[in-house]
Structure formats: structure tokens, C-alpha cells
Amino acid sequence: MSSTEQPVRSVQVLGIDAGGTMTDTFFVDSEGEFVVGKAQSTPDNEALGLIASSREGLEHWGIELGEALSQIQTGVYSGTAMLNRVVQRKGLRCGLIVNAGMEDFHRMGRAIQAYLGFAYEDRIHLNTHYYDEPLVPRHLTRGVMERIDMSGTVVIPLREETARQAARELIAQDVEGIVISLLHSYKNTSHERRVRDIVLEEVEASGKAIPVFASTDYYPVRKETHRTNTTILEAFAAEPSRQTLQKISSAFRENGSCFDFRVMATHGGTISWKAKELARTIVSGPIGGVIGAKYLGETLGYNNIACSDIGGTSFDVALITQNELTIRNDPDMARLVLSLPLVAMDSVGAGAGSFVRLDPYTKAIKLGPDSAGYRVGVCWADSGIETVTVSDCHVVLGYLNPDNFLGGQVRLDRERAWNALKEQVADPLGLSVEDAAAGVIELLDSDLRDYLRSMISGKGYSPSSFVCFSYGGAGPVHTYGYTEGLGFEDVIVPAWAAGFSAFGCAAADFEYRYDKSLDINISTDAEPDFKAEQAQTLQAAWHELTERVLEEFERNGYEPDKVALQPGFRMQYRGQLNDLEIESPILRADNAQDWDRLVETFNDTYGRVYSASARSPELGYSVTGAIMRGTVPIPKPRIPKETLSGETPPEAAKLGTRKFYRKKEWVDAQLYQMEMLQPGNRVEGPAIIESDATTFVVPTGFVTWLDAHRLFHLKEI
């Protein structure tokens, strides 16, 4: 084969990260090799950006889109469309059925929903608090007469005529979905399921096609507001998103695909877009990066990882400790408290597209939280943007090559950015344009550095115990700034950082997960018979959840013998407020010995997550929930492993120099083509390493080297 010939490839996997600014695609072939594509997002029709990104990535392999799509076995999507739909309150018109007398509880919400997402100074002042419009308005809420108490005992029998009347009134209001959520239905499902059946009967009699969502069929967990909000999401936002995913799937089929898309779910696995509980995919993009970091860590031996992802709109951070993710069971999203298993992440609304403004009174620089999204900034003449963004500062300071943004797909205008920064920031502050732009970058880096430090130390850890992974389209531009001085064990920038979340999608398991709340309380010295009884209660919950997991896989054509089942549980020491998610060491729990093994595993995990001395078993143990995961194997990307070369980069990798401004001086930064650098090469700042999809900035005082896995390691000199 000549050096210009492309090898024959069999493309197997497609990972997609459709962000608010850029759409990344990640293709994996049968040998585990991969390539990244990138294009601007197209919010009005996501399929256009996905197709464009796919074509751009496959060009590197010399493969036509249709040829690749006909070979691909699996495609995984992640994006923010559903979350945006909830934030903008642009969902379906839904009705809600609750207990009589509780018709106002959804619009009242929990108190925390009045200040979710606020900065600290706004959280502590009541006059800044407000409630968003409820997903279901009061006039579309109806009550039914019944009551089940917190123990699951029927206190007031269901008055079926009230359920029929509620159903008829909502149907007459032309709702597009009906949600049912009754008090304590997770403890006793009988009333809620009977109301569901009555509503279905009335819908059928009306001749209309209105889907019905009972919380006990979807999220049988405690906390009424959380459970109700999450079930409403299934009707309000998940169904429209399912239609969007169907359109994307159809667009790919028109170009030759034969696979059904899966979607990254909040718990870190992937599920079909046809899945019953699609609200589990409300935030999927940032999750992909964390799963990618975990996969890299398991493969290469990194146990403690601080994941940091900068895109156009946000900075997302998560911690992996001892190769384990933290799963939150009651997260908040879009100012709503929810009942979803969510990979624990912290986010701040600051990214490369964040708008830069001056406070009219103090003249302080304010970043975001709103963003230009896919429109980049004033530097793009066709953007329609008039307010400067962080990206405009990048262009002015020489960070970005205006002629190579997205490989030249978008041409940026440095003069436009310079003039806008002068008028909006520099002149009002009495600074030069360069110093104003540098001040914006330093402020952003400082904010992100403080945020990262506080997130790690707030959980009782030190950065010195962690390797920091930096990725996202804008991650490598800011890596040096937000990691400087924190003392990480290592700082790593993957060569495919721009498509790292899509990489994580390709590395994620095909997995369904279901949870159920339990109330098992047992003392340390309980009798064996009582232990066995509690073990069997947990086993009954596992059995129920197993049926739901296998049902979902059956919808996707997988027989039960193809599914690997892994039970789990949530346990805490009695008297404590927080529980831990534990992977069960046994597949069944039937007797006292099984119970003791569960407790032993919990104690070991607790000691590892906190410390052995922090264990507190004196009052006994509480199991707060049962978990069942089911997975089927999929092909995963192979981590590159190349032969190391010398420290000196080849001349072919050098692209000349570009002026770069930092710390009040212009310097000549050596430019490198990222793809031309060889494993073992060492690059000392000031330098800028460019690829079509991202830019890695190495300023004076820093050095980076490329290892055999095409991971850049950044270090302060």
C-alpha cells in the first residue's frame, strides 16, 4: 500500500454529542481506531449539523457518509435538546391528576426551586427568589378522592367517579398527555394504577390518542414533588424529544444507515430512543465526557480523576474516585427537583461563547450565564451577535487562528472582535484592548480554578490526589489557566478533546437501570430470621425491577439470556442523612448470610469513600432503595498505543509562529499541527497546538509532552 492510500476500514460505532455550540461525531472502526468530526450545531434541525459533522469526520478516513453508515452497528446520541425544551417551557400541553386537596402542590413546588441555580449572594436574599411557571398549569390540574398513608395503608378508598370526572374534564381541555401522581403510590400502587386504567378507558371512549403516564409505572420512588416533576417530564418534554430523535434517525436512514440510535442516559449508560422512560436522557452531553474519562482511567490505570469540560456555554466538573462514579438520586435540573439517577456533576454557566458585559454601576466584568451558542461571537460576521464573547477575546489575543476555526468552515474576523471589545469593554475601563481581553480570560480562568478547587476540597479531597482530564472544544484553550497552582498529580488533554463526550458515548454500555424506594431498617444485632426477612424484601424489589429491565431489552430485540444483570442497593447508617449506592456482591438475597454480605460490602465502600474511622454502625443500617442494571456488550473504541519517538517535534509539525498576548506582553508562539506531533514529542511554551476541532494553548512557564496513547500531559515548569 502506498503512503497516500487509505486502509480498508469497517466502521462499527458512531458517537454523537450535539451541544449548544458544536456538534461532535466520533467514529470507531473494527480495529478500535477512531476519528472525530465537528460542525456547528443547527438547533432548528439537529440532523443537519449531525450529517455535516459526520461528513467532516469521515473525510479524514476518505470514506463517504453512505458507505460508513451502511456498516455501522450502533449509534449513540447525546445532546441538550430536551433540557433546552424544559428550560424554555416549550413542551406539550399536559394535564395532571393528584389527590383531592393537593391540586396546588405542583405549582408551589419545593422551596429550593425558588433559588436553584442562583449565585450565593442571591440565594441568601429572599427578594431575589422566584418560581418558574409550572410545567402543568393549575387549570389543567384535577384531584381525585383517595388516600394511602406513608406506610402504604389505604386510609380513604378510591372514589372512582372522581377519577372518571377528572379524566373527562382534562380530555375536554384537549391535553396532549395526562400524568397521574398520588401520595405514597410508591408504597402501594393499587389506587394509582386503577386511576390510570380509568383514564385509559375514558381516553379510548373519547376517540382521542392521549398518552397516560402514572408515576408508579415510571418512577416508584419517595418524594412527591421530585417524582411528580419527573413523571411530568415524560409527557411534557420526553415525547417531543422522541420525535426529534426519530427525525434524526430517519435522516441517517435516508443516508444509508441500518441501525437504531441509542441515547446517553443520566445514569451513565445508554438506552434506546424508543425506551419507555426517555426523561432519563434530559442531560446527556456532559455525561458522555465523564464516562469517557472513566473508560480511559480503567484502561490506563488512573483511579482518581477530576473531569473538566469546557464547551461554548458551560464548565462541567465531575469526580471519579477509585474508578467509581457518584450517582445522585434526587438531582435538580432546569430549576426542578427530580427523581432520576444522575452522575453527580457540577456546572457553571461559563464557556467560550459566554457573553462579556460590564456591570453598569461597578464596571465589574460579568461573564454569562447566557451564551452566543453556535454563533461564536462578534468575530463571526454572519453571527448576528453584537455583544462580545470570550471567543472574541481568544481571537484578539492570538489564541485562535481566525482562518482555521472548525478547519476553515467558519472564518473569523479579528478586526470586528477588536473594535467591539474596544467599544464595549476596553474604553469604559480605560484599558488597552489587549489588556481588556486578557483580563476577561484571566477572570474566567480564575473563576473556573476557584470553582474546581472548591468542588474538590468541598468533598474532602485534595487536587494532589487526582489526575485532571481537560476536554471539550474550549477545554485545551483554558487548561493551563484553570489548573495553574492547584497541584494536580497530572493534567491530561486528550488529542481528541473536542470530541471527548462523543467518545464517551461510544464507550458507554448499552444499559437499562431501574430504581425503587424501600424502607428497610435493621439493627446491628438483629436475629438471623429478621435478617433473612429483610433480605427477601430486597430480593422481591430486585425481581420486580428485573422484569422491567428485561422488558426494555426485549423491545430492542435482545432475549433475556443476552442481558447481564447487576443488582444494587442504597444503604446508610441509621441516623445519618445520606446514603451510598452499592453494587451488590451477590445476585440474590435470600437469607441472613446474604444480608451480612451486603452489610460488609457497604462498610467496605463507606470506608473507602470517606474513611474507615468514619463508620458508624452502632444504630444499625437502613436500605433506602433497590437498583437493577442490565447490560449487553457493545464494541468499544480502542485506546491508541503508538511507538514513542524522540522529544523533538518533526519539522513537518511546525506551522510557523503567531503573536500571543499574556501577562502584558506579546510573544511569538510556535505553532504546531496537533495531528503531526509524534508520541514522545515535548513542546515548551509559548506554543499553540492546533487541530481543526480545537486549540491547545501552552504559554510561557508550561511544557507538554505527548504519550503513546495520544494524551498530552501539561506541567508547570
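Cut-offs applied
Residues numbered from 1 in each chain as written. Predicted model: local features only at pLDDT ≥ 70, side-chain atom pairs only at ≥ 80, totals over all residues. Heavy atoms only, no water. Helix = DSSP H or I, 4+ residues; strand = E, 2+ residues; numbered from the N terminus. Rg over C-alpha atoms; globule rule 2.2 N^0.38 Å. Buried < 20%, exposed > 50% of the residue type's maximum accessible area, 1.4 Å probe, protein only. Contact = heavy atoms within 4.5 Å. Areas by Shrake-Rupley, 256 points an atom, 1.4 Å probe, with all protein chains shown as cover. Lys, Arg positive; Asp, Glu negative; His and termini not counted. Charge placed at Lys NZ, Arg CZ, Asp CG, Glu CD. UniProt positions renumbered as here; feature names shortened; annotations may be inferred. Axes fitted to C-alpha atoms, helices over the stretch in contact; angles between N-to-C directions. Parallel < 35°, antiparallel > 145°, perpendicular 65-115°, else oblique. Left-handed = near helix turned anticlockwise from the far one by under 90°. Nonpolar A, V, L, I, M, F, W, Y, C, P; charged D, E, K, R; others polar. Pairing = 2+ DSSP bridges.

### Notes on the overall build of the protein chain
- When its secondary structure is counted, the protein chain shows 17 helices and 35 strands.
- Computed over C-alpha atoms, the radius of gyration of the protein chain comes to 27 Å, within 12% of the 27 Å expected from 2.2 N^0.38 for 717 residues, which places it in the range of a compact globule.
- Counting only residues that meet the buried cut, the protein chain has 57% of its 717 residues in that class.
- For the protein chain, restricting intrachain contacts to residue pairs at least 6 apart in sequence, the fraction spanning at least 24 positions comes to 69%.
- Just so you have it, the protein chain exposes about 29000 Å², and 48% of that area is on carbon and sulfur atoms.
- Computing the positive centroid from 70 side-chain charges and the negative centroid from 98, the protein chain places the two 3 Å apart.

### Some thoughts on the UniProt feature "domain: Acetophenone carboxylase-like C-terminal" (unreviewed entry) in the protein chain
- Feature annotation in UniProt assigns "domain: Acetophenone carboxylase-like C-terminal" (unreviewed entry) to the following positions: residues 526-716.
- Helix and strand shares over residues 526-716 are 24% and 35% respectively, and the end C-alpha atoms of the span are 56 Å apart.

### Some remarks on the packing of helix α1 (residues 46-59) against helix α9 (residues 224-254)
- Running from N to C, α1 and α9 cross one another at 40°; their axes reach a closest spacing of 9 Å. Comparing the axis directions of α1 and α9 gives the class oblique. The chirality of how α1 crosses α9 is right-handed. For the pair formed by α1 and α9, the contact residues are E46, A47, L50, I51 and S54 on the first element and I248, A251 and F252 on the second.
- Considered class by class, the residues forming the contact of α1 with α9 number 6 nonpolar, 1 polar and 1 charged.

### Describing the sheet that holds strand β32 (residues 687-690)
- With respect to topology, 4 strands assemble into an open sheet ordered β29-β30-β32-β33, the strand pairing being mixed. With one partner strand each, in any of the chains shown, β29 (654-662) and β33 (695-698) form the two edges of the open sheet. Ignoring which end each strand starts from, the neighbouring axes of this sheet average 25° apart.

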